[in-house]
Amino acid sequence: MAAINATGAIDSPCVGVCTLGLGNICIGCLRTSAEIGSWSSFTSQQRSLIMAELPKRLQTLFAE
């Protein structure tokens, strides 16, 4: 579940690891560098779509 801040926007999933791995995806928050850079300009709907995708990215990251 995404965290909602006081303004009603979805908070960043950043955990402070900030290291890009394979596929240009951060190993901490699982966002691409483009998503990280544009996060503050995304609408709540765009953020929700990305947040919904993160569990799939995590599974892909650790798939054999």
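How each quantity is defined
Residues numbered from 1 in each chain as written. Predicted model: local features only at pLDDT ≥ 70, side-chain atom pairs only at ≥ 80, totals over all residues. Heavy atoms only, no water. Salt bridge = Lys/Arg side-chain N within 4 Å of Asp/Glu carboxyl O. Helix = DSSP H or I, 4+ residues; strand = E, 2+ residues; numbered from the N terminus. Buried < 20%, exposed > 50% of the residue type's maximum accessible area, 1.4 Å probe, protein only. Patch = residues over 30% accessible without salt bridge, like charges linked within 9 Å, V, L, I, M, F, W, Y side chains within 5 Å. Areas by Shrake-Rupley, 256 points an atom, 1.4 Å probe, with all protein chains shown as cover. Phe/Tyr/Trp six-rings, centres within 6.5 Å; stacked < 30°, edge-to-face > 60°. Lys NZ or Arg CZ within 6 Å of the ring centre and 35° of its normal.

## Thoughts on the pattern of salt bridges
One pass over the full model with this rule turns up 2 salt bridges. In this structure, the salt-bridge partner of E53 is K56, at a minimum N-O distance of 3.7 Å. Highlighted residues: E53 and K56, both in helix α2 (residues 44–61), separated by 3 residues, approximately one helical turn. For E53, a relative accessible area of 31% corresponds to the partly exposed category.

## Quick look at a nonpolar patch on the surface
Judged by side-chain polarity, V15, V17 and I27 come together as a nonpolar surface patch covering roughly 260 Å² of accessible area. The residue I27 is located in the segment before α1 (33–38) in this model. In this structure I27 comes out as partly exposed when scored by relative accessible area, which is 47%.

## Here we look at the environment of Q46
Structurally, Q46 is set in helix α2. For Q46, a relative accessible area of 36% corresponds to the partly exposed category. When the C-alpha atoms of Q46 and E35 are compared, they prove to be 9.9 Å apart, with 11 residues separating the residues in sequence.

## Comments concerning the packing of aromatic side chains
Under the definition given, this model contains 1 aromatic pair. Plain terms: the ring middles of W39 and F42 are 6.3 Å apart, the flat faces sit at 75° to each other, and that makes the pair edge-to-face. Note that R31 overlies the ring of W39, its terminal NZ or CZ placed 4.9 Å from the centroid.

## Quick word on unusual backbone geometry
If you check the backbone angles, C18 has positive phi at about 50° while not being a glycine. Structurally, the position occupied by C18 is in the segment before α1. Under the relative-accessibility criterion, C18 is labelled exposed at 58%.

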